[in-house]
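# Descriptive structure summary
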Amino acid sequence: MPQFIETIRIEQGQAHHLDLHQQRINRTLAKFYPHSHFFLSTMLPHPLPMERCKWRIVYGEEVVSTSLELYNPRSIETLRLLDSQFSYEYKFLNRTAIDNAFAQRGDADDVLFLHNGFITDTSIFNVAFFDGLHWLTPASPLLKGTMRHHLIDLKVIFEAELNINDLTSFSQVSLFNALNPWGEIVLDISSIQDCSL
């Protein structure tokens, strides 16, 4: 039976967006293990650390393991466009397809996936592109992340179908996820390398 993973940022004595992580866990359990339930609020590490940490929960029908460690962000300066034909709607522990694709990044720091010509995500980040007025995020990402959900709710980013041909109309790309908040990784659009699709 499949296992899943949830990674939550703990920083400044707070578990960030715990409600959104719980919602995703609930949706996953409803799909795969409809008689199972657990609540993050009852599992919080104590005391909650001040420095940025990654709280990692592996679960299936029940919680398999939890861990807490200091988070060291990955340095990202370049992205390599790569076609993908796999899906990752749920946050499976098994990331073999993504890891195999990441291994094809060449000299880039990460891959930016395309699915049928439309932009989705990188290997670990949701993305948004600046058109001079708004930040647009793919309407059909590889995974609908919790930070993405939060930013859409705040109207910081807006969903749009983004085709590979749209890239030339953007000036910047922002990378974000639960552990890397909005604004920390912003690249010039020229940082995206075409891998001759």
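Along each chain, numbering runs from 1 in the same order as the chain's sequence is written. At least 70 in pLDDT is required for a residue's local features to be given in this predicted model, at least 80 for side-chain atom pairs to be given and counted, and no such filter applies to totals for whole chains, interfaces and linings, which use all residues. Derived side-chain values reflect all non-hydrogen atoms in the structure, with water molecules and hydrogen atoms excluded from consideration.

## Concerning the nonpolar core
Rules: What we call a nonpolar core is a set of buried Ala, Val, Leu, Ile, Met, Phe, Trp, Tyr and Cys residues that are connected through their side-chain atoms within 4.5 Å. Throughout this description, buried means an accessible area under 20% of the type-specific maximum (1.4 Å probe, protein chains only), exposed means over 50%, and partly exposed covers the range between.
Counting 20 residues, the largest nonpolar core has Leu79, Leu112, Ile119, Phe129, Val173, Leu175 and Ile192 as the members making the most contacts within it. Core analysis: the second largest hydrophobic core is formed by 14 residues, Ile10, Leu29, Trp55 and Tyr59 among them.

## Describing the pattern of salt bridges
A side chain with one charge may pair with a side chain of the opposite charge, provided their charged atoms come close. We apply this condition: A pair is scored as a salt bridge if a Lys or Arg side-chain nitrogen falls within 4 Å of a carboxyl oxygen belonging to Asp or Glu. Only DSSP runs of H or I covering at least 4 residues are called helices, and only runs of E covering at least 2 are called strands; the numbering of each starts at the N terminus.
What the rule picks out here adds up to 9 salt bridges. The salt bridge partner of Asp107 is Arg80, with a shortest N-O separation of 3.1 Å. Here Asp107, found in the loop between α2 (96-102) and β6 (110-115), pairs with Arg80, found in strand β5 (residues 79-83); they are 27 residues apart in sequence, far enough to count as distant. We classify Asp107 as exposed; its relative accessible area is 63%. Judged by relative accessible area, Arg80 falls into the buried class, the value being 17%. With a shortest N-O distance of 4.0 Å, Asp99 and Arg95 are connected by a salt bridge. Taking relative accessible area as the criterion, Asp99 reaches 41% and is therefore assigned partly exposed. For Arg95, a relative accessible area of 21% puts it in the partly exposed group.

The values are spatial; any link to function lies outside them.
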